[in-house]
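What follows is the residue order along each chain.
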Amino acid sequence: MTLSIRLRHAQSEFELDVDFTTPPGVTALFGHSGAGKTTIVQAVAGLLKPDSGRISIDDALLEDSDRGFWTPPRNRRVGYVFQDGRLFPHMTVLKNLRYGANLAGVRDPAEEDRVVDLLGLSDYLHRYPGTLSGGEKQRVAIGRALLSRPRLLLLDEPLAALDPARREEILPHLERLRDNSGLPILYVSHAPSEVARLATTVVLLERGKVLKLGPASEILSDPQMVPAIGPREAGAILAATVIRHHDDGLSELQTSAGTLLLPAVSAAPGRSLRVRIAAHDVILSREAPKGLSALNILPARVCALRLGDGPGAIVQVETGTDRLLARITRRSVVALGLEPGADCYAIIKSVAVAREDIGRG
Amino acid sequence: MLGLEPDAWQAVALSLRVSLCATAASLPIGIFVAYALARWEFPGRQALNGIVHLPLILPPVVTGYLLLLTFGRQGPVGAFLEATFGISFAFNWTGAALAAAIMAFPLMVRAIRLSVEAMDPGLEQAAATLGASSIRVFLTITLPLMLPGILTGSILAFAKAMGEFGATITFVSNIPGRTQTLPSAVYAFLQVPGAEGTAIRLVLISVAIAMGALVASEVLARRAARRMGTR
């Protein structure tokens, strides 16, 4: 399944002008607030009519302004999960879930059970949305969208209104959705940790333009993309496999560059994970450090670097087949002679990696 | 019954009929106008808003006289309706209902409009993305969510219709058994020496009906709120 989007739409501050095609999987529309992410999703759903554009899912054309073709939202079969859930307050959870399915005449009890199960909704079915927590509401909203049998799922910052604990409660459901449903998902977010966990492809947007489109691991570890992501938020993804859990509360993971010790990971040995390592949590050293409290020392080689306008610099290093980002000072770059090709060690404190940074691979 | 004269009972019965008919007949129009004012941008929106509210600010006697000019036997609309459909408003209980409906209309529209404005249009968008046609969105989402406003608006309109006096007496006069509503009857009995007792009983009935309507609206509103949880 591929989603092709070409849009031009004048907005108050800039003109949205994008043209891209996404591969299957989860595509994250990523960028600062006001970069045009929600406008794109609304256009795909048909809730916003762009000045001009063409949108298609595989061979199915949704709109083409050149030919004056337009499909109203109700006929697009896209499941839209809004940031604020938008559950119907006068209907029970069950009625909310069945709303789309009933309209399409495709109510399938087996599918309903599967979705209720997938999202853990069985305890709430007869409650009204007003009595649910934010996280519960979002799960119902996702279920409602899924049960309308969409061709495409649009998730518009579904976690933005939630506190970190609630977010952590929903992310595993989304990962399972990604891995099990086979449904293409367009995921809007400005949180790098969410994108790192969920996205297969990232579309980086800035002021209405596509800055870059590519595999998530590539975009997130690209030093040139750091200004658009934000230096404090930047961080790359390491692919890892759980080896074993130690008695002292640490889990040992295998990466392409060596083993990684992290605070207890909930996944069973053998599971593949993606671990987000924030750029400011990585220390670089030219020599193998000794007598250091940090447990993770991976051999690395500098691939690229980007000097910031201030005192900071972002260094991209290769560790095995993965790439990491390190945010250090320009002074250190000079002092250590870090230039592309230079060998070094990447040092990662175990406790710097939080639970929200670890997702299913 | 209750020591009331037949005349007085007739007035109560007539008032109930007039108010119920006025409320029921104006409700669909009220819902439409409230929705249009709250949601649509169209030329003449402010003018419509003004016309709807006019009965609230005009002296009722003026409204009644304008109704007489328009809907009376000699009035353009009244003459047409009588000739075409045989409907006559002048000096008829239907005229009292028309006057009551027009006087109560602003209150009804205001209450319903508030409920439309309080509603998140995003819910209607969500229903559309789930495959609902505009009509279905209106019937399954918009209308049920307007219900508290519709209830409040109807009860307010009913209460206002029960109490309407100035426009009614100007438009359809005060004919016992024909156009004499409860307030007109109270007024009439107060003019007759020794009939204060009847007037006071009518006043009590009027208070009872108004309170009953208010309690009913509270109960219904609370039930609707409970169903929707905390919202």
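Residues numbered from 1 in each chain as written. Chains lettered and ligands numbered in written order. Predicted model: local features only at pLDDT ≥ 70, side-chain atom pairs only at ≥ 80, totals over all residues. Heavy atoms only, no water.

### Quick notes on the domain arrangement of chain A
Residue and element names in this part refer to chain A.
Stage number 1. Domain boundaries in chain A define domain 1 (3–218) and domain 2 (235–360).
Stage number 2. Every contact between the two is made by 15 residues of domain 1 and, on the other side, nine residues of domain 2.
Stage number 3. Taken over both partners, the interface formed by domain 1 and domain 2 buries close to 1,100 Å², and the fraction arising from carbon and sulfur atoms is 47%.
Stage number 4. On the domain 1 side of the contact with domain 2, Glu168, Ala196 and Arg197 bury the most area, a combined 42% of that side's loss. (Domains from an automatic or database assignment. Contact = heavy atoms within 4.5 Å. Buried area = accessible area lost by both parts, 1.4 Å probe.)

### Let's talk about the layout of surface pockets
Left-over empty space is what a probe sized like a water molecule reveals as it rolls over the atoms.
Residues and elements named next belong to chain B.
Stage number 1. One number sums up the size of the largest pocket: a volume of about 480 Å³.
Stage number 2. Pro55, Leu67, Ala101, Ile102 and Phe105 are the residues nearest the centre of the largest pocket, which is lined by 23 residues in total.
Stage number 3. Residues of the lining of the largest pocket, tallied by class, amount to 19 nonpolar, four polar and no charged.
Stage number 4. Glu124, Gln125, Ala128, Ser134 and Val137 are the residues nearest the centre of the second largest pocket, which is lined by 18 residues in total. (1 Å grid on protein atoms, 1.4 Å probe; cavity = no way out; pocket = protein on both sides within 12 Å on 5 of 7 lines; lining within 4 Å. Points joined across faces, edges and corners; volume = space filled by probe spheres on them. Nonpolar A, V, L, I, M, F, W, Y, C, P; charged D, E, K, R; others polar.)

### Remarks on the UniProt feature "transmembrane region" (unreviewed entry) in chain B
Residue and element names in this part refer to chain B.
Stage number 1. Taking the UniProt record as the reference, the feature "transmembrane region" (unreviewed entry) is found at residues 12–38, 50–71, 83–109, 137–159 and 199–221.
Stage number 2. Secondary structure across residues 50–71 divides into 91% helix and 0% strand, with the first and last C-alpha atoms of the span separated by 21 Å.
Stage number 3. Between the end C-alpha atoms of residues 137–159 there is a gap of 31 Å, over a span that is 100% helix and 0% strand. (UniProt positions renumbered as here; feature names shortened; annotations may be inferred. Helix = DSSP H or I, 4+ residues; strand = E, 2+ residues; numbered from the N terminus.)

### A look at the sheet that holds strand E8 (residues 152–156) of chain A
All names here are of chain A.
Stage number 1. Strand order in the open sheet formed by six strands is E7-E8-E9-E3-E10-E11, with mixed pairing between adjacent strands. Looking at strand neighbours, the two that pair on one side only are strand E7 (78–81) and strand E11 (209–215), the edges of this open sheet. Averaged over all pairs of adjacent strands, the angle between their axes in this sheet comes to 15°, without regard to strand direction.
Stage number 2. In terms of strand pairing, strand E3 (residues 26–30) meets strand E10 (residues 201–206) through four bridges, oriented parallel. Along E10, the bridge assignment pairs Thr27 with Thr201. (Pairing = 2+ DSSP bridges. Axes fitted to C-alpha atoms, helices over the stretch in contact; angles between N-to-C directions.)

### Describing the UniProt feature "domain: ABC transmembrane type-1" (unreviewed entry) in chain B
Stage number 1. Within the UniProt annotation, "domain: ABC transmembrane type-1" (unreviewed entry) is assigned to residues 12–215 of chain B.
Stage number 2. Along residues 12–215 of chain B, the helical share is 81% and the strand share 0%, with 20 Å between the first and last C-alpha atoms.

### Details of the environment of A:Pro172
Stage number 1. Structurally, A:Pro172 is set in helix H5 (residues 164–181).
Stage number 2. We classify A:Pro172 as partly exposed; its relative accessible area is 29%. (Buried < 20%, exposed > 50% of the residue type's maximum accessible area, 1.4 Å probe, protein only.)

### Brief notes about unusual backbone geometry
Residue and element names in this part refer to chain A.
Stage number 1. At Arg86, a residue that is not glycine, the phi angle is positive and equals roughly 55°.
Stage number 2. A relative accessible area of 15% places Arg86 in the buried class.
Stage number 3. The backbone phi angle of Arg207 is positive, close to 45°, even though this residue is not glycine.

### Quick word on the interface of chain A and chain B
Stage number 1. Taken residue by residue, the interface counts 23 residues in chain A and 23 residues in chain B.
Stage number 2. Carbon and sulfur atoms supply 66% of the area buried between chain A and chain B, which totals about 2,000 Å² over both sides.
Stage number 3. Of all residues in chain A, A:Arg74, A:Pro89 and A:His90 give up the largest surface area on contact with chain B, accounting jointly for 30% of the area buried on that side.
Stage number 4. Where chain A packs against chain B, one counts zero salt bridges.
Stage number 5. Counting the contacts that link chain A with chain B gives five residue pairs in polar contact (both at pLDDT 80 or more).
Stage number 6. Residue assignment for the side of chain A that touches chain B shows that the elements contributing at least two residues are E7, helix H2 (93–104) and helix H4 (134–147) of chain A. (Salt bridge = Lys/Arg side-chain N within 4 Å of Asp/Glu carboxyl O. Polar contact = N/O pair within 3.5 Å; in protein donor to acceptor, adjacent residues only side chain to side chain.)

### Here's the deal with the pattern of salt bridges
Stage number 1. Inspection of every chain in the model, using the stated rule, returns 26 salt bridges over all chains.
Stage number 2. In this structure, a network of salt bridges that share partners links the residues A:Arg8, A:Glu15 and A:Asp17.

### A closer look at helix H2 (residues 45–57) of chain B
Stage number 1. Compared with the 18 Å implied by 1.5 Å per residue over 13 residues, the 19 Å span of H2(B) between its first and last C-alpha is a close match.
Stage number 2. Among all positions in H2(B), only B:Arg45, B:Asn49, B:Val52, B:His53 and B:Pro55 are buried. (Expected span 1.5 Å × (residues − 1).)

### Observations concerning the packing of helix H3 (residues 60–71) of chain B against helix H5 (residues 93–118) of chain B
Residues and elements named next belong to chain B.
Stage number 1. Remark: H3 packs on H5, axes separated minimally by 11 Å, with the N-to-C direction vectors making an angle of 130°. Relative to H5, the element H3 is oriented oblique. Here H3 and H5 pass one another in a crossing that is right-handed. Together, Pro60, Thr63, Leu67 and Phe71 of H3 and Leu98, Ala99, Ile102 and Met103 of H5 make up the contact between the two elements.
Stage number 2. Tallied by class, residues from the contact of H3 with H5 come to seven nonpolar, one polar and no charged. (Parallel < 35°, antiparallel > 145°, perpendicular 65-115°, else oblique. Left-handed = near helix turned anticlockwise from the far one by under 90°.)

### A look at the UniProt feature "domain: ABC transporter" (unreviewed entry) in chain A
Stage number 1. According to UniProt, the feature "domain: ABC transporter" (unreviewed entry) maps to residues 5–232 of chain A in the numbering used here.
Stage number 2. As a span, residues 5–232 of chain A carries 35% helix and 26% strand, and end to end its C-alpha atoms are 31 Å apart.

### A few points about the UniProt feature "domain: Mop" (unreviewed entry) in chain A
Stage number 1. Feature annotation in UniProt places "domain: Mop" (unreviewed entry) on residues 291–357 of chain A, given in this structure's numbering.
Stage number 2. End C-alpha atoms of residues 291–357 of chain A are separated by 27 Å, and the span's content is 10% helix alongside 51% strand.

### Some thoughts on the environment of A:Val317
Residues and elements named next belong to chain A.
Stage number 1. Structurally, Val317 is set in strand E18 (residues 312–319).
Stage number 2. You can call Val317 buried: its relative accessible area is 0%.
Stage number 3. Considered as a pair, Val317 and Cys344 are 27 residues apart in the sequence and their alpha carbons are 8.6 Å apart.
Stage number 4. Not counting the four nearest positions on each side in its chain, Val317 is found in contact with Leu284, Ala300, Arg301, Val302, Cys303, Asp322, Arg323, Leu324 and Cys344.

### Things to note about the nonpolar core
Stage number 1. Within the largest apolar cluster, 53 residues are counted, with the highest numbers of intra-cluster contacts made by A:Ile5, A:Leu29, A:Ile40, A:Phe88, A:Leu154 and B:Ile141.
Stage number 2. Grouped together as the second largest cluster of nonpolar side chains are 37 residues, A:Leu238, A:Ala240, A:Ile277 and A:Val302 included. (Core = buried A, V, L, I, M, F, W, Y, C linked by side-chain atoms within 4.5 Å.)

### Focus: the side chain of A:Thr319
Stage number 1. Assignment of secondary structure puts A:Thr319 in strand E18.
Stage number 2. Not counting residues within four places of it along the chain, the set of residues in contact with A:Thr319 comprises A:Leu238, A:Ser256, A:Ala257, A:Leu298, A:Pro299, A:Ala300, A:Leu324 and A:Ala346.

### Here's the deal with the packing of aromatic side chains
Stage number 1. All told, the structure shown has eight aromatic pairs over all chains when counted by the stated rule.
Stage number 2. A centroid spacing of 5.3 Å and a plane angle of 55° characterise the contact between B:Phe165 and B:Tyr187, whose relative ring orientation is tilted. Of this pair, B:Phe165 sits in the loop between helix H7 (134–163) and helix H8 (166–172) while B:Tyr187 sits in helix H9 (residues 182–191), placing them 22 residues apart in sequence.
Stage number 3. Under the relative-accessibility criterion, B:Phe165 is labelled partly exposed at 28%.
Stage number 4. Among the aromatic side chains, those forming a connected cluster through ring pairs are B:Phe32, B:Tyr35, B:Trp40 and B:Phe138.
Stage number 5. In this structure, A:Arg76 packs its charged tip against the face of A:Trp70, placed 4.7 Å from the ring centre.
Stage number 6. For the cation-ring pair, B:Arg17 lies above B:Trp93, with the distance from its terminal atom to the ring centre recorded as 4.5 Å. (Phe/Tyr/Trp six-rings, centres within 6.5 Å; stacked < 30°, edge-to-face > 60°. Lys NZ or Arg CZ within 6 Å of the ring centre and 35° of its normal.)

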